Amino acid sequence: MNSRHTDHATRAEKFNLDESRVDWHDKTLWFIREKRDKAAWQIPEWEQLRETASQIKNNVLSNLHDYLIEFEKNAQKNGATVHWASTPAEHNKIVLDIIKQAGARNIVKSKSMLTEECHLNEYLTAHGIDVVDTDLGERIVQLAGEPPSHIVLPCIHWKKEEIGELFHQELGTPKGNADPQLLTNAARLNLRNHFMTSRVAITGVNFAVAETGEIVVCTNEGNADLGVQLADVHIACMGLEKIIPRRKHLGVFLRLLARSATGQPITTYSSHFKKPREGQQWHIVLLDNGRSERLGSNDFRNALKCIRCAACFNTCPVYRRSGGHSYHTTVAGPIGSILAPGLDMKKNADLPFASTLCGSCSNVCPVKIDIHDQLYKWRQVLVRNGHVSAIKAIGMKGMAAVLSYPFIYNTSGSLGRWIMRYFPFLFSNRANLWYKQREMPKAPEKSFREWYIKNRKKK
Ligand code: SF4
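For clarity, every value in this text was computed on a predicted model and none was experimentally measured.

## Looking at the sheet that holds strand β1 (residues 81–85)
The strand order across the open sheet built from 6 strands is β1-β10-β7-β4-β2-β3, with neighbouring strands paired in parallel fashion. One side of each edge strand has no neighbouring strand; the edge strands of this open sheet are β1 and β3 (130–133). Pairs of neighbouring strands in the sheet enclose a mean axial angle of 20°, with direction left out of account. Sheet topology places strand β7 (residues 233–239) next to strand β10 (residues 281–287); 7 bridges connect them, and they run parallel. The residue of β10 that forms the bridge with M238 is L286. Lying on the sheet, helix α8 (residues 136–144) is in contact with β2 (106–109) and β3; it crosses β3 at an angle near 135°.

Right, here's the structure in full:
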């Protein structure tokens, strides 16, 4: 991410300069949204599954302390060492210390948004550790020196020709060749070397089962399994909210996750890690980073139910047409826009406004998070705390006055129509931000109120 912070609208404007990219980004994600719909409709009990998942997660949030202790106890019984980190800095230090103790200089990592949240790659690199992301999409953005733009499809904003050029420069593939099979093979061969020589493997965690002390990691490439099975040390990094109470609950979440994410009936690999191999070390690092605080907020605690399927990204008209990097946070899209202000209200004050509030995100969410309601609530919190621009604050006050008094409302309506008719340039100019991407409509002859009064009298 750029070190200079720019807001969502400014970044989206940049993304929108490349119209063809915006179009296929939009279409590709909508295609995945449609696949998700078809997969969901094939299951008659889909809505019941969503409701069950939502209730399990509600139960987890209400009893999180107990489930975490139960998970720790059982994981330790299985041979894991459990570490607790309250901040990303603590998390990163714990991971670095484990790597140093293992005497490793290079490690492999499978996809983990939590380590992105902690900027672990940058931290380890700065301490002389070579980190290789092994998920293909993650590897592409890593080679390009970018963060992922989507939590399930990290390089969805890249064209295959661009990946061909990147691989030509970084992996020596033939110039001008963008054949997906050739590029995948090149990445595979390159990654194989890293798998074979890394003594430490880091994975994320999709679900941590309190009852058994096991973790489940879902990948489509099997890279988490290969990394862990070949390494002497496995470090699993997870947020506190990844807990589920019982093993039998996995069936609910695994059925929902892949269908919601990509429209697949099941993720290709749902890998269970319960015990380290003989002679292998297994560490689990649990991170808080504001989650406990979020748990105490009635309005926003539900965001912790998220299972990171990205269905809300794929359906969101704003995400699809503004791209993931416009959100300047680790988790983009609608869910990112309700998580980020809780971490830094000032820096992320723009994000809850990057939405039409159409509610499509809440409709597809497999754990029934009230995403669009929370976006709306965040706007109110941000305004109350003075985190909107002076222009917007003055504009909203002016609009409140206009809408509160019928005389002012009717007079400003007539005045506006008159100006649009005789002095349109007063509206159609670059100072009018709303006009920038639009054409002004023709001014109507009369207001709806005038039309209604006239037509009602006719009856
Ligand atoms: S908020 Fe819901 S739809 Fe969005 S990523 Fe999380 S679980 Fe998926």
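Next, the rest of the story.
## Structural notes on the environment of P352
Tracing the backbone through its elements, the reader meets P352 in the loop between α16 (333–343) and α17 (360–364). Once the C-alpha coordinates of P352 and T197 are considered, the two residues, 155 residues apart in sequence, prove to be 44 Å apart. Dropping the residues within four chain positions of it, P352 is found in contact with S337, P341, L375, W378, R379 and L382.

## Re the sheet that holds strand β6 (residues 214–219)
The sheet built from 4 strands is open, its strands ordered β8-β5-β6-β9 with mixed pairing. One side of each edge strand has no neighbouring strand; the edge strands of this open sheet are β8 (243–244) and β9 (269–273). Helix α12 (residues 250–262) contacts β5 (207–209), β6, β8 and β9 of the sheet and is inclined by roughly 175° relative to β5.

## Points about the site of the ligand
Lining the immediate environment of the ligand, one finds 13 residues, of which C306, C309, A310, C312 and C365 sit closest. Taken together, the residues of the shell around the ligand sort by class into 12 nonpolar, no polar and 1 charged.

Procedures and definitions
- Residues numbered from 1 in each chain as written.
- Predicted model: local features only at pLDDT ≥ 70, side-chain atom pairs only at ≥ 80, totals over all residues.
- Heavy atoms only, no water.
- Pairing = 2+ DSSP bridges.
- Helix = DSSP H or I, 4+ residues; strand = E, 2+ residues; numbered from the N terminus.
- Axes fitted to C-alpha atoms, helices over the stretch in contact; angles between N-to-C directions.
- Contact = heavy atoms within 4.5 Å.
- Near = heavy atom within 4 Å.
- Nonpolar A, V, L, I, M, F, W, Y, C, P; charged D, E, K, R; others polar.

Spatial relationships are all this shows, so hold off on functional conclusions.
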